[in-house]
Amino acid sequence: MKILKFGGTSVGSAQSIKTLLNILKDEVKQSAADKPVVVLSAMSGVTNLLIAMAEEAAKGNDFAAQLAELEKRHFDTVKTLLEIRDQNPALTRLKINFNHLEELLQGILTLRELTQKTRDLVISYGERCSTLMISKIAAQYFPSVFVDASEVIKTDSTFGQAKVNTELTEQLICGLYHENKDQILFVTGFIGSNDSGQITTLGRGGSDYTAAIFGAALNASEIQIWTDVNGMMTADPRMVKKAFSLSELTYTEAMELSYFGAKVIYPPTMIPAFLKKIPIVIKNTFEPEFVGTVIQHDCKPSNLAIKGISSINNISILNVEGSGMVGKSGFSGRLFSLLAREQINVILITQSSSEHSITFAVQPGDTERARQVIEHEFELELLAKKLEHVEIEKDLAILAVVGENMKETPGVSGKLFHSLGRNGVNVRAIAQGSSEYNISVIISSTDLAKALNAVHDAFFVQLTKTLHAFCLGTGNIGKTLFRQLNGHAAFLQENNGIQVKIAGISNTRKMAFNADGISLDNWEETLDQAPDQADLPAFIAKMKSMNLPNCVFIDNTASPVPTAFYEQVLKSTISIVTCNKIGNSGPYQQYKTFRDSARQHGVDFFYETNVGAGLPIIRTLKDLMNSGDRVQKIEAILSGTISFLFNNFKGDANFHDTVKLAQEKGYTEPDPRDDLRGTDFMRKMLILARDAGYALETSDVSIESMLPQACLDAASVDDFYKSLIAEDAHFANLKNKAESEGKVLRYIGKLENGKASITLEMVDESHPFYMLSGSDNIISFTTDRYKERPLVIKGPGAGAEVTAAGVFADLINVGAN
Ligand code: ADP
Ligand code: ASP
Ligand code: MG
């Protein structure tokens, strides 16, 4: 025999009640001899509405409109689902209920008083009306009987959270069941009554508990909880989109998860089921074929370290501190008995190792009262200054990771704190129960959504990890990156388990945001039509306030402006990927600050494309250094523009035409002198030198100009081109000299003995840089380990395609951590 409990949404509309009846028909067909018992909740939203009406009435406010609406909702459902000739008895009985409810609310209004006892009576009408109604509707198909559970579930008088007298209740349930053997019982969830027959309730969400009480009393083979999700999931699916259904859980795990907020099942439900070893199956009314989640004694071994993550939003913590008191035996006993006596529910307790303070969490509504009772109880200790005044912290949340496997799996808390830390979530207090089935942390409420998603990503690695990127700059590189990301999204998700959502884009005109990701099919339109004008400080502020997990700031500009914000971005625990060299080649102190901030806040600062575009130069240097190698010498050609020039400045070519050609092909800056002066090259050498461990400044890099002074002094780009013609002899000389000696011209950067320089050289065939085509870059590292033959990296070192690819690779590396 089974118990089938249907929750608020499952009885919330005519449509869902039809589905419920179909589920029931199937069950009755399958086990005809063994009729199920049905337990029902109030229609969704009704309990909350009843509470609101009672509270309003107590303030003297009218409730007539809401009551009429409530009545109409039930009446309409009856009219939809019952034949006209059968409607009258159902409507009459419902009407009697609503009349009682009205009298009751009127009484509250007159007295302006709402006791816990009256409140329980008011809210009992939710379950009484829904169950009565459904039993009448079901009577069309089965012999059905309405059961007001307050007649059989006997409790104490703790209104709102009544304790069940199990023995008596079980007797009464068995009696009732046997008297009605041939009928299906439709039982009101949630309610009971005390010795004097006054209505009590079992706590919010308590209909699940009613089902378990009936299940235990009748030795049911199974307790089914029908709700609106696919069973118990790894996290609340409203908060964590990637949450998935669990096939099984132990009673302890279900208890811990639900105690810490997994609302899908009410925690006390597990106790009667556990004692009688009755499996609880959580199923989805709206997807009845889905197998759901089984809660039972023994589960198959799983390789997941945790089963799920749950949370309670909006709690307060109280901190009791005092050197003279805390830690003395008996103190915490006295404190917590006091709170129990006052019926203040303590959700979580932590004690610092110094034993100078005890911190505990309570519902916000209990905070002030808890403080008052403690300060009253310990008045003498306060006066004697053995105890400080109780401190309160509000707007907090608890996040708990739960699973029996945690006991055997080392590193669970490490992983939890790593993912919280990387996302800038500050942990106020930690509690690990002695059972080791649960680690709970207290964090700020505003961080909860981010923390849940980040922790979920960290533990359920078989799932896709989502990176939230905020991108600055929509020039060549930015555009190309978006195209590459768009084209590669499916592959990334499948092979690397990484999903990139572009949560923000800004260029110098506009900015747009979307936490769910701006579509890369039409980002240009989205940005054009976005209401917000570009505003970098506002962009950064918005990025921070969106508080998304696994956040990355991507700077695809060449402007000095964004670099001023790097430090604060890193400090807000957001990683940075940048192709912009200006930040790293500014003052050494700034370069160092970026690195230190990233390290301190546990985030990444990646800039592979600062040198040699997508070529793996920075990474290689970092790997060499990290593995204990030491750089003796670096030689490099890192200007694609100049390589192109020298590779084409030969034979009959003159220098002027060669520069023109380079410009036409898009290899130079608008003013070619920006390349020819060597400034860009200098920046790259400076960054390399710094990464190799030398604290150099811009002025420490000596640059031999390849241009005569007259060319450098030209007033405009036009004048500059004229000066190239005027100075033609200078360039022709260089070329002829090189060619006559069988050499080629190369502009080479060098780092040796901590000194960085860029010089114009003529190299012969024997030199590794002799053979260099197009706009290629080349770099050779001579190190303690690569001494005989240096380590050489060569390839295209400029262009939007390869640079964007480098930015892309950096982004994925952020995701890998
Ligand atoms: P019912 O009215 O059927 O009793 P509840 O609203 O009490 O349903 O509980 C179901 C809801 O619990 C789901 O809609 C879901 O949003 C929420 N929930 C919270 N945590 C979890 C979780 N870990 N797994 C599944 N659902 C959860
Ligand atoms: N109707 C009650 C509530 O909303 C009990 C339940 O649905 O389980 O809390
Ligand atoms: Mg519920």
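Residues numbered from 1 in each chain as written. Chains lettered and ligands numbered in written order. Predicted model: local features only at pLDDT ≥ 70, side-chain atom pairs only at ≥ 80, totals over all residues. Heavy atoms only, no water.

(A) Spatial organisation of the site of ligand 1. Taken together, 16 residues lie around ligand 1, and T227, D228, M233, R238 and K263 are the ones closest in. Within the backbone of G8, an N or O atom sits 2.9 Å from an oxygen atom of ligand 1. Within the side chain of D228, a nitrogen or oxygen atom sits 2.8 Å from an oxygen atom of ligand 1. When ligand 1 sits alone it has 570 Å² of accessible area, and the protein chains cover 90% of it. Here the residues of the shell around ligand 1 sort into 7 nonpolar, 4 polar and 5 charged. (Near = heavy atom within 4 Å. Polar contact = N/O pair within 3.5 Å; in protein donor to acceptor, adjacent residues only side chain to side chain. Areas by Shrake-Rupley, 256 points an atom, 1.4 Å probe, with all protein chains shown as cover. Nonpolar A, V, L, I, M, F, W, Y, C, P; charged D, E, K, R; others polar.)

(B) Just the site of ligand 2, in detail. Around ligand 2 lies a shell formed by S41, T47, E127, F190, R204, G205, G206 and S207. In this structure, G205 approaches ligand 2 through a main-chain N or O atom, which is 2.8 Å from an oxygen atom. Taking 260 Å² as the accessible area of ligand 2 by itself, protein coverage stands at 86%. Of the residues belonging to the shell around ligand 2, the class tally is 1 nonpolar, 5 polar and 2 charged.

(C) Spatial organisation of the sheet that holds strand β26 (residues 744–752). Read across the sheet, 6 strands follow the order β25-β27-β26-β24-β28-β29 without closing on themselves; strand pairing throughout is mixed. Looking at which strands have only one partner, the edges of the open sheet turn out to be β25 (701–703) and β29 (791–796). Strand-to-strand twist of the sheet, defined as the mean angle between neighbouring strand axes without regard to direction, takes the value 20 degrees. Across 4 bridges, the pairing between strand β24 (residues 631–637) and β26 is antiparallel. Following the sheet pairing, K633 is matched in β26 by E752. The strands that helix α25 (residues 679–691) touches are β24, β25, β26, β27 (755–763) and β28 (776–783); relative to β26, the one it contacts most, it runs at about 30 degrees. (Pairing = 2+ DSSP bridges. Helix = DSSP H or I, 4+ residues; strand = E, 2+ residues; numbered from the N terminus. Axes fitted to C-alpha atoms, helices over the stretch in contact; angles between N-to-C directions. Contact = heavy atoms within 4.5 Å.)

(D) Representation of the packing of aromatic side chains within the structure. Inspection of every chain in the model, using the stated rule, returns 21 aromatic pairs. Summarising the aromatic geometry, the rings of F6 and W226 are spaced 5.9 Å apart at their centres and angled 20 degrees between planes, so their arrangement reads as stacked. Here F6, found in strand β1 (residues 2–6), pairs with W226, found in strand β7 (residues 222–227); they are 220 residues apart in sequence, far enough to count as distant. The two residues F6 and W226 agree in class, both being buried. Considering the side-chain rings of F470 and F539, the 6.2 Å spacing of their centres and the 80 degrees angle between planes classify their relative orientation as edge-to-face. In this pair, F470 is assigned in strand β17 (residues 465–472) and F539 in helix α17 (residues 536–546), connecting sequence segments 69 residues apart. The exposure class of F539 is buried, given its relative accessible area of 0%. Note that K660 overlies the ring of Y721, its terminal NZ or CZ placed 3.9 Å from the centroid. (Phe/Tyr/Trp six-rings, centres within 6.5 Å; stacked < 30°, edge-to-face > 60°. Buried < 20%, exposed > 50% of the residue type's maximum accessible area, 1.4 Å probe, protein only. Lys NZ or Arg CZ within 6 Å of the ring centre and 35° of its normal.)

(E) Seen up close, the side chain of T668. Locating T668 in the fold gives a position in the loop between α23 (655–664) and α24 (673–676). Classification of T668 as buried rests on a relative accessible area of 15%. Apart from residues no more than four positions distant in its own chain, T668 is found in contact with T641, A662, Q663 and D675.

(F) Molecular detail of the sheet that holds strand β23 (residues 605–606). With mixed pairing, the 7 strands of this open sheet are ordered in space as β20-β19-β18-β17-β21-β22-β23. Of all strands in the sheet, those with a lone pairing partner are β20 (532–533) and β23, marking the two edges. Across 5 bridges, β17 lies against strand β21 (residues 551–555) in parallel orientation. Note on β21: the bridge partner recorded for F470 is F553. Seen against the sheet, helix α15 (residues 476–496) touches β17, β18 (498–506) and β21 and runs at an angle of roughly 155 degrees to β18.

(G) Inspection of the pairing of β7 at higher detail. Within β7, 6 of the 6 residues are buried, leaving the element largely enclosed by the surrounding structure. Of the pairings in the sheet, the one linking β7 to strand β9 (residues 280–284) comprises 5 bridges and is parallel in character. Bridging across to β9, I223 finds its partner in I280.

(H) Broad picture of the packing of helix α2 (residues 46–58) against helix α3 (residues 64–81). For the pair α2 and α3, interaxial distance at closest approach is 11 Å and the crossing angle is 155 degrees. Here α2 is positioned roughly antiparallel relative to α3, judged by the angle of their axes. The handedness of the crossing between α2 and α3 is left-handed. Contact residues: α2 offers V46, L49, L50 and M53, while α3 offers Q66, L67, L70, R73 and H74. (Parallel < 35°, antiparallel > 145°, perpendicular 65-115°, else oblique. Left-handed = near helix turned anticlockwise from the far one by under 90°.)

(I) Inspection of helix α22 (residues 640–648) at higher detail. A large share of α22 lies buried, amounting to 8 of its 9 residues. Looking at the buried side of α22, the elements it contacts are β24, α23, α24, β26, β27 and β28.

(J) Geometry of unusual backbone geometry. Residue T573 is not a glycine yet carries a positive backbone phi of 55 degrees. Topologically, T573 is positioned in the loop between α19 (566–571) and β22 (575–578). Taking relative accessible area as the criterion, T573 reaches 10% and is therefore assigned buried. Phi is positive for A613, close to 50 degrees, though the residue is something other than glycine. Within the secondary structure, A613 is located in the loop between β23 and α21 (617–626).

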